[in-house]
Structures are given as C-alpha cells and as structure tokens.
Amino acid sequence: MSQVALNYLNATKGLKSWFCTLDHKRIGIMYLICIAVAFGLGGFFALALRLELISPKEILFTAKQYNQLFTLHGAVMVFLFIVPSIPASLGNFLLPLQLGAKDVAFPRLNLTSWYVYVFGALFCVYSMVAGAVDTGWTFYTPYSIDSATSVISMTLGAFILGFSSILTGVNFIVTIHKMRAPGLTWFRLPLMVWALYATSIIQVLATPVLAITLLLLVLERTMGIGIFNPALGGDPVLFQHFFWFYSHPAVYIMILPAMGIMSELVTTFCRKDIFGYKMIAFSSLAIAIISFLVWGHHLFVSGQSDYAAMIFSLLTYLVAIPSAVKVFNWVATMYRGSIQIKAPFLYFLGFMFLFCIGGFTGVMLGALSLDVHLHDTYFVVAHFHYVMMGGTVMAFIGGLHYWWPKMFGRMYNETLALIAWAFVMLGFNMVFFTQFILGSKGMPRRYYSYLDQFQPLHAFSTVGSWVLAVGFILMAFYLIDSLLNGKKAPSNPWGAMTLEWQTQSPPITENFLETPVVTHGPYDFGMEKQS
Amino acid sequence: MSMLVNKPHHVAHHFASEAQEFESARLGMWVFLVQELLFFGALFVAYGIFRWWHPQMFIEAHHYLSWKMGAFNTVVLIASSFTMVMAIRSAQVNERKPLISYLLLTLLFAGVFLGVKYIEYMEKIHHGLLPGHFFSAQGVSEYLHLFFGIYFTMTGLHGLHILVGMGLLVWLLVRAIRGEFHSEFYTPLEMVGLYWHFVDLVWIFLFPLLYLIG
Amino acid sequence: MDTSLQTESLLHTGTTFFPEGVGPFASSMDSLFYFIFWGSVIIFVPLILVSIYFLIAYRRKRENQLATKQMTHSTFLELAWTVPPTILVLIVFVWGFKGFLHMSVAPLNSQEIHVSGKKWFWEFSYPNGNKGIGELVVPVDTPVTLLMTSEDVIHSFFVPNFRIKRDVLPNRYTKLWFEADKVGNYQVFCTEYCGDGHSAMLAVVRVLSAEDYEDWLAEANSGDDLPLDKLGEKLYTSKACATCHSTDGTSRVGPTWKSLFGSKKAFVGGGTATVDENYIHESIVNPGAKVVAGFDNVMPTYAGSLNDREISALIAYIKTLQ
C-alpha cells in the first residue's frame, strides 16, 4: 500500500480530536453515524410493528406496547433521523466544500449543534426505557395530557432537537451568504446549496413554533395551564394548528435537500447542464414560503371552518406545482446526455418513480372531499412513506453513495449496490403500495387489530418489510466493507463539475490548498468540449 | 485612556477578513432573532385567540396586575437599552472606563427589572393567582386561570431571556476589563446589544397587552 | 373482533380502491378519485417511458463520451408542463371543494342523533330518549345528522361505505350527515388515535327498511322478558364491555370477568375488597373509585347509560362466569 495522503480523517488522532473537532467534515461524519443509528432503531421498530400486524390477533405485543412502538417509530424517524438526515450529515460535509470555503461561518456553533442533538437524543432514549411514550409522534392533546407514559421526556427531547436544527439553519444561512469563494455568484451555486438555503429558512422560521408548542405541552402536563386542555377551558385544536404550523413545513425540511441531491445526481451522471436552473432554484424558495401556509390541510376533518379549509386546499395545490416542475426539469436534463447508470443514479431513478406516486396521491389527499374519506387511513400512511422514504430516504442514500468516495476515499462494490437497490425498491413497493388499497378501502391507521378481511393485504405488506430489511442490511454490509477493503477513490470518480470534486478524496482539513476562484456555472459540462 | 493597552483581535482561521467575520456574526444574530420572534410569536397568537374568546375575563384579569410596576419596569428596560447603546459607542471610540460603567449600569437595570418582577410574582402567589393546578383565587369570570397561565408563561420566558442576557453582560464585562473591546473589535458587544434590544422590544409588546387591557 | 353484527365486507365490494358506496357522497367522490387516478396514469406512464427511452438511447458507451447537446431552458417546454398541471389541479380543487360543501350542509329535514365518543365505545342517543351502544340504527332513505361530542380525548367517526368522517372533540359539538340509500350493516371506525382500545372502538350502522325501523322502534326496550343473566350476556357485547373485559380469563385493558365474583382484589393506592354486588355496581357507576391494582383508571362512567335493571343483569351475568 502506498502512503495515505494527509486528509481530514487522519490529520489528528484520538477520540478527543473527534469530540472537540471544529471541522465541518468531521461533524458531518459524526452526524452521519448518529443518524444511521437512529435509522436502524426506527427501522427495527417498524419491523416489529409490521410483524405484529401480520395477524389481527395478539402475536408479540399488547395493544399498549404496539401503541408505544408506532409512537417511537414515528418520533425516532422524524426527529432523530429524517429532519437532520440530509442537512446535518451530507449538508454539513458538503456545504463549505461546494462553496469553496474552509468551513461553515460558525464552526463552534456547528459542534454545539451536534452536542445539542446528542443531548436531545438522550432524552428520547430515556423516554424509551422509562415507560415509552404512547401518544403518537404528533402528541395530540388532550390524549398527551392524560397519558400515563413518559410524554415529558420525549417532548423535551424533541424540543432540544429542535434547537439543534435551528442552530444548523442559522449557521447555513450565514455560510451561504458570506462564505462563498470569489466568483461564486448566487446563480453559480450548485442547486444543492439552493436547496439547503431554502431548508435552512424553514428550519429557522418553523422550528421555534414547535419548540414553544412542546414547551406549552410540558407546562400543561406539569402545571395544567389549560391552553390545550378542554377540561380547563383550553382548545385541543389549537395544539393541532400550532403543531402543524411547524410539522408541515418540516415535511419540506425533509424533501427540499433531497431535491437538491437529485439535481446534483442527474447532472453528473448525464454530463449535462441542468435544465431550468433558475426555475429549480426559485421553486425551492417558493416551496419554502408557501409551505408555511398549508398546515390546515391536516385538519380538514377537525371542524375548522369551511372557508379556511378551502384556502388551505387551494394553497396546497399551489405548492404542488413547483415540485412537479422540478421532476419535469430532471427528466429534460437526461435528454441527449451521456448517461452512466451507477448506484447513485439508480437511486435518482428510484426517487423519480416513488416520489411521483407520492405526489399524485398527494393531489388526491389535497382534494377536500376525498380527504374526508382518506384522512387518517392507511392511504395517508402510504402517501407520506412514498414521499418521505421514497423521496427523502432514496435521495439520502443516493447522495451517500455519490459522496461516499469523497467522504471516506473508498469505492464500494457496485454489484452489491445494484442488488441492494433492487431489494429496497421491491420491498418498499410491497410494503406501501398495498397500504394505498388498504387505506382507501377503509383501514384506519394506528390500529393494533383489524377486520379479518384485511389480513391478506397486511400479511403481504409485512413480508415486503422483510425484503426491504434485507436490502438495507446488505447496504450496511457493503458500505462498511468498503471502508476496510474498498478500492481507493480518485478525487473525482464521477467526472463531476462542482467544487467538492476539485480537492483530493478525502479532502484536507481546510478543504482546498488554495481558495478556488469560480468562473463558470456549477454544471457547465459544455465547456469540456470547447477546451 | 491611552494608558490602557488594547488587545489585538485575531480573525478566525476560516475567514478571509475581519469585515467578513463581522458581517457573518451580524447576519447570524439577525437570523437568530427572527427565530426568537417566531418563538414568542406563537405565544402572542395564543394570547390573541384566548382574548378573543374571553374578552370579559381578560379585562377582569388585568385588574390583578399592577400597571404601575409594569410601567416602571418598562422605563427601566428602555433605560437599559440606552446604556447598552452607549456601551457600544464607548468601545467604538476607545473609551474603556465608560464602557465598563455602561455595562455595569445595564446589568443593574436588568437586576432591577427582575427584582420588580419578583415582587409582582410573590404578590400573585400570595393571592393564589398561579397558573393551572395551583390557581386558587376566586374571580367573577370563568377560566381566569387561563389568563394567568398565559401571563406566567410569557413573562416567565421573557424573564428567562433577561437572565440569559445578564449572563452575557457579565461575560462582556470580563472581556471589557481585559481590554478586548476597542474601535477595531467590538463584535460581541454589538451582538449582545441586538439581543438586548430584542428582549426589550418583546417587553414593550407584553406591557400593554397584559397590563393595559380594556 | 367482538362485533355482534356481521358488516358488509369493505374489501370485497365496490371498486379496486373503494368499498361499496352508500349514500349521496360516494359517487362524486369516487369519480374524483378515479379522475385523478387516470390523470396521474396519463402523466406518469409517458414520463417513465420517456425516461427509459433516454436511459437506453443516451447510455454512455465510452468512458469519455460527452452529452450531444446542452440545453438549459425552453420557454415552450416549461410552459407546457407548468400550465396544464396547474389547470388540472384547479379543476380537482373546485371539484373537491364542491363535494366538501355538500357534506358540510345537512338537509333541514334530517333526523338528529347525538353521538358520544368515550374510551372506547360509541353511544348513540335517539330523539325519543332511547340510547344504544355500538350500534346506530337508522331508517333507509332518510337524512340523518349526527351531533357528536367526546367525553374524554379526541375521537373521529368514520363510516367508509358512506365516505364520511369527522373528528369528535371534547367540550365542542361537531356535525356529520348522511343518507343511507341501501339497507345493510355498515362498519364504523374510530380514526383518531385514542389509546389502548383505539382499534376496538368500533360500531355498526344498521340501515333498516321503513317497516323494520318501525318494528325496531316498537321493541327498542325489549329485553324485559329475558332472564337477568341472559340480558347481561347480551349487554356484555352490545354495551361494549367486551372491548376491555374478557370472559375467558385473558387480561385485556381491564380485569377479566372470569371468576371475578367473590374474588379478593387489591386496589391502586392500597386497600382490598371482595368483589360483591355493591363493588360491581360502584365500578360501573363510578369506575375510578376502586381501580384494581395493575390496571389504569381508564373506564368511563356508565351512570345514565345503563338503567338499574341492566346493571343488575350484568351482575347476574358476572356471577355465572365462575
């Protein structure tokens, strides 16, 4: 073996050099590890849930344990995994690299965010061992006021995790405004950066509302201040409004960075300039803004006024259009490209397929009358899994494969990646397409037991979850294996144009030997022909 | 003042220039304050909704609050904002002794504010006007406890922000005494100043909404 | 699942995605669904086919192969895929809103029935003073308005065949209306998560023909001629006791009734007692007074929902379960 070049991974040694690091790349890796653990944990809960649902009778868990399982699955996946997933791990690693900067604007704040995340996660873990919360991840009042389980620790956990998210958002906004390399104008930014920018805006504006809402819930349980408690003159629906004022934009915290990754993947693997750069960039911002005005579509059957429902429905359709435009732009980008089908591009294709289904079913749910029938059924469960898992998780994994050589300097096994992808796609559709039918036929969500007639479909869905699990286990295996035995990665294995590929793999501690000067757009593949 | 030696400031490694560092800090602070605004914003919305539902109860409830103490505290906080501005100005013109005095004064005003708040709280506790389960006062209106639930949450969180601000002021004071702030470098002063004005501003909304209803 | 009545199958009736539709909302809603569904197929399938074509036609064959054309925008294309979808979703929006308004305004001549959601059963109060649990009986071809409220947490009343759903809130009334145009038994679900018995919080809408409905009204208070323990057995399922109490010794949300009578129980917060008539009566009327150790205080009061004869009947029934 030849001498390994000095890089951010081997620059300093020992645990302390990691836990006290200010290097955005190391912090990104630390997030990545935490997020992978959270995903494993949430996935484990999901498998347990599906196993119980293979029969309408009691198999492994009582009704209470089942309720705790689906709550923990939701809470872990939302607060610990998917909200921080792309921005905090890949975003942290990439943002300064793509900007040609040495680090984010506030490195110490960045490390603090990670510690805040871990601190919040500890609260969540405590809640799991100390009488696992059973309210559902939405904590709806008054159930969450009365529940005898450990609601407070989970609520505080989510509250603290929210601050981690806010601080990361503040950091990214300032970094994008102030840390760009010379010549890197706004319209030369990679679309991943635009996506992270829009995401950060939502993180900063929406998360504090969740924070105060959860704080009020804690006060409700400890002191009974009564704002959300109907028994004391309060209003439980107000809680839902506050909760979704955060949690709907949070959906876009999850999907916008995924869309950013899509733009990076399609350009690189087609060697094409992106089609409709400005449309994609501005649609990210448009989504970020409109996303604040659609929360009421979660409350169509709650008894809010018909006119409020009408406006929320209309705005919901307006926010769907920019997402559709992006999909069309990506397909157009493939036109007359030079397309190379590698693992990251497979996940690009997977995203396109699954996200479209998620989007179309979203159009169904946004229709006021249809939502009355479909609300709180398995149809909704299937819909948001198509968007969140079929969208965000696919993009996250695609991005992880894409930047893996940059992060660790190693290549993974391409054949195993293809097999794992096939398992994931097959398993995912088995689990969740079935649930569309279950839901529109009337199967309500969060049900421990169900009518006997639904059993065949439930059983099929459960078998699908095993296929899905095999795919993810295989993926974990070959990715870890690549760290030990993988081929050494060149600095630019995919022939990409953005700045992170112009430094070595893995990069040195301060990213670039000398600050790059940018003279062209992020996907200017046309230049190669001329030169 | 020239006999005091100013400590030179070193720009952090990842910034290209002092200006970039300062601009970044200021933008970051503003973005953070927007976050704070939304944090309190949700509480103001809750206040608005409950006041709309129970206008009579809110009018009755505010009679239990002393508008004189509230007004006094408003004046104290506005004065503290002024001394904070003067502290920054003193740093900009390299006057260290006034800088330290103004910071001390700001700290003092903050302490006075919390002292008055403490007296007010004790009075409420004495009359059983606590939120939730602890509420024991008898009022004419139903749901009087809701007002005090909102009152204690809002003023409590605001008080917490004052307390955090006092911690920051002590930190500034230590650095000011060490001579770290001068015309070349006063970023932390400016940032805490922004925070302090925001906290004042929240009070300027809280005072009429809670004390001067009806 | 313990439901005394067999309901129409949801899965095996109706279309691929919907159970059989009953009442005024189903046809418009189902058409809207299939309009979106086929609209989506018409967009989705070509999109996938085009992508596959691109994948094959423009596949990279040499390592250094470049794209044959760089194209960064086309106003025509961008308008073509922005404007038509916008028009389509606006049609969907108007269609959905019209249907929604139809559902929210009940006809003036509708019959009003009060619905109360409690953990974990539905109670229905009819205009003539009758009450029923777990079974909503309505005449066919008659508009019915449900005036709903909850005694504890939020529930939601959902009848898939009727395509209706509305949250049921504590301290507030919400409304729902329907008009069943076909005789049959239809499944009711609770669709807002409400705790351990959420998935057992079921009910049945019995739609009767006009004559059967008259008969039902006439014999509504029957049961007077049944012996007490038989009446108790009937009430065990019809009043939803079975949701939480088993009769075969298995432990559900509440203690089993098997060998309950005469047994000695320890209570939450100390104290013990032997289960006798007075204890059972108290536990039905004021369930929180003495909660058996190991169980949560979750049972709602049945005071007002059961008359004295019915409580005696339940006691008699429990006595038989030795």
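Calculation criteria
Numbering of residues begins from 1 in every chain and follows the order in which that chain's sequence is written. In the order they appear in the text, chains get letters beginning with A and ligands get numbers beginning with 1. Residue-level local features of this predicted model are given only where pLDDT is at least 70; pairs of side-chain atoms are given and counted only at 80 or more, and the full residue set underlies all totals for whole chains, interfaces and linings. Side-chain numbers come from the whole structure's heavy atoms, not from hydrogens or water. Runs of E in the DSSP output that reach at least two residues are strands. Runs of H or I that reach at least four are helices, and both are numbered from the N terminus. Throughout this description, buried means an accessible area under 20% of the type-specific maximum (1.4 Å probe, protein chains only), exposed means over 50%, and partly exposed covers the range between. Any pair of residues with heavy atoms lying within 4.5 Å of one another is described as a contacting pair. Only the protein chains shown count as covering a residue, and every accessible area follows the Shrake-Rupley method with a 1.4 Å probe. Positive charges come from Lys and Arg alone, negative charges from Asp and Glu alone, with His and the N- and C-terminal ends not counted. Every charge is mapped to an atom, namely NZ of Lys, CZ of Arg, CG of Asp or CD of Glu. Whether two strands pair depends on DSSP finding at least two bridges between them. For every element, the axis is a line fit to its C-alpha atoms; helices are fit only across the contacting stretch, and the angle between N-to-C directions ranges from 0 to 180 degrees. Side-chain rings of Phe, Tyr and Trp (the six-membered ring for Trp) are treated as a pair once their centres are within 6.5 Å; stacked means planes under 30 degrees apart, edge-to-face means over 60, and tilted covers the remaining angles. By definition, being over a ring means that NZ of Lys or CZ of Arg is both within 6 Å of the ring centre and within 35 degrees of the ring normal. Per the annotation, domain bounds derive from an automatic or database assignment of domains. Here a salt bridge means any side-chain nitrogen of Lys or Arg lying within 4 Å of a carboxyl oxygen belonging to Asp or Glu. The term disulfide is used for any two cysteine sulfur atoms that are within 2.5 Å. Reported buried area values correspond to the accessible surface (1.4 Å probe) lost by two parts on association, with both partners' losses combined. N or O atoms closer than or at 3.5 Å make up a polar contact, with two conditions inside protein: a donor-capable atom paired with an acceptor-capable one, and, for residues adjacent in sequence, both atoms drawn from side chains.

**What to know about the overall build of chain B**
Argument step 1. Within chain B, the secondary structure is distributed over 6 helices and 0 strands.
Argument step 2. Starting at the N terminus and ending at the C terminus, chain B contains elements arranged as α-α-α-α-α-α.
Argument step 3. Each of the three principal axes of chain B carries a C-alpha extent, and together these read 65 × 30 × 25 Å.
Argument step 4. Within chain B, buried positions represent 51% of all 214 residues.
Argument step 5. Within chain B, contacts between residues at least 6 apart in sequence are counted, and of these 82% link residues at least 24 apart.
Argument step 6. Just so you have it, chain B exposes about 10,000 Å², and 71% of that area is on carbon and sulfur atoms.
Argument step 7. Across chain B, 11 positive and 13 negative side-chain charges occur, with their mean positions spaced 7 Å apart.

**Quick word on the sheet that holds strand 7 (residues 164-168) of chain C**
All names here are of chain C.
Argument step 1. Taken in spatial order, the 5 strands of this open sheet run 4-10-9-6-7, and their pairing is mixed. Each edge of the sheet is formed by a strand with only one pairing partner; in this case those strands are strand 4 (135-139) and strand 7. The mean inter-strand angle of the sheet, taken between neighbouring strand axes irrespective of direction, is 20°.
Argument step 2. In the sheet, strand 9 (residues 184-190) pairs with strand 10 (residues 203-208) via 5 bridges, with the strands oriented antiparallel. Its bridge partner being in strand 10, V188 is matched across the sheet by A203.

**Overview of the packing of aromatic side chains**
Argument step 1. Applying the stated rule across the entire model yields 102 aromatic pairs over all chains.
Argument step 2. Pairing W137 of chain A with W244 of chain A gives two aromatic rings, centres 6.1 Å apart and planes at 85°, and the pair type is edge-to-face. Of this pair, W137 of chain A sits in the loop between helix 4 (107-129) and helix 5 (143-146) while W244 of chain A is found in helix 8 (residues 236-270), placing the two residues 107 residues apart along the sequence. Neither W137 of chain A nor W244 of chain A differs from the other in exposure class; each is buried.
Argument step 3. Their ring planes at 45° and their centres at 5.3 Å tell us that F35 of chain C and W95 of chain C sit as a pair that is tilted. Taken together, the residues F35 of chain C in helix 1 (residues 26-57) and W95 of chain C in helix 2 (residues 75-104) connect sequence positions 60 residues apart.
Argument step 4. The class of W95 of chain C is partly exposed, set by a relative accessible area of 28%.
Argument step 5. Chaining the aromatic ring pairs together yields one cluster made of F379, Y386, F428, F432, F433 and F436 of chain A together with F17, F18, F33, Y34, F37 and W38 of chain C.
Argument step 6. Here R26 of chain A stacks its cationic end above the ring of W18 of chain A, 4.3 Å away from the centre of that ring.
Argument step 7. A cation sits over an aromatic face here: K165 of chain C above F158 of chain C, 3.9 Å from the ring centre.

**Some details on the domain arrangement of chain C**
Argument step 1. Domain boundaries assigned for chain C yield domain 1 (26-104), domain 2 (111-218) and domain 3 (228-320).
Argument step 2. Between the C-alpha centres of domain 1 of chain C and domain 3 of chain C the distance comes to 58 Å.

**A word on the pattern of salt bridges**
Argument step 1. Under the defined criterion, the tally for this structure stands at 18 salt bridges over all chains.
Argument step 2. A salt bridge links D235 of chain A to R172 of chain C; the nearest nitrogen and oxygen atoms lie 3.0 Å apart. Here R172 of chain C lies in the loop between strand 7 and strand 8 (174-179) and D235 of chain A lies in the loop between helix 7 (191-222) and helix 8, a pairing that spans two chains.
Argument step 3. Take D235 of chain A: its relative accessible area is 6%, and that puts it in the buried class.
Argument step 4. Taking the shortest distance from any N to any O, the salt bridge between E190 of chain B and R26 of chain B comes out at 3.9 Å. A residue pair is termed long-range when its members are at least 10 positions apart, and E190 of chain B in helix 6 (residues 187-211) and R26 of chain B in helix 1 (residues 18-53) qualify at 164 residues.
Argument step 5. Among the residues examined, E190 of chain B registers a relative accessible area of 17% and is labelled buried.

**Focus on the state of the cysteines**
Argument step 1. If you walk through the whole model with that rule in mind, you get 0 disulfides over all chains.
Argument step 2. In this structure C270 of chain A is not part of a disulfide, and its nearest cysteine sulfur, from C356 of chain A, lies 16 Å away.
Argument step 3. Of all cysteine sulfurs, the one in C194 of chain C lies closest to C190 of chain C, which takes part in no disulfide; the gap is 3.9 Å.

**What about the interface of chain A and chain C?**
Argument step 1. On the side of chain C, 87 residues touch chain A, which itself brings 93 residues to the contact.
Argument step 2. Regarding the contact of chain A and chain C, the summed buried area is about 8,100 Å², with carbon and sulfur atoms giving 67% of it.
Argument step 3. It is F275, R336 and K441 of chain A that lose the most area in chain A upon contact with chain C, and together they represent 9% of the buried surface on that side.
Argument step 4. Taken together, the connections running from chain A to chain C amount to 3 salt bridges.
Argument step 5. In this structure, the salt-bridge partner of K64 of chain A is D196 of chain C, at a minimum N-O distance of 3.6 Å.
Argument step 6. Here chain A and chain C share 34 residue pairs in polar contact (both at pLDDT 80 or more) between them.

**As for the side chain of E310 of chain C**
Argument step 1. You can see E310 of chain C is positioned in helix 6 (residues 308-320).
Argument step 2. Summary of buried charges: E310 of chain C has no salt-bridge partner, and the nearest side chain of opposite charge, K239 of chain C, is 4.4 Å away.

**Thoughts on unusual backbone geometry**
Residues and elements named next belong to chain A.
Argument step 1. Residue P142 follows T141 across a cis peptide bond; omega there is -5°.
Argument step 2. Relative to the elements of secondary structure, P142 occurs in the loop between helix 4 and helix 5.
Argument step 3. With an omega dihedral of -15°, the bond running from S505 to P506 counts as a cis peptide bond.
Argument step 4. If you trace the backbone, P506 turns up in the loop between helix 15 (455-485) and helix 16 (526-530).

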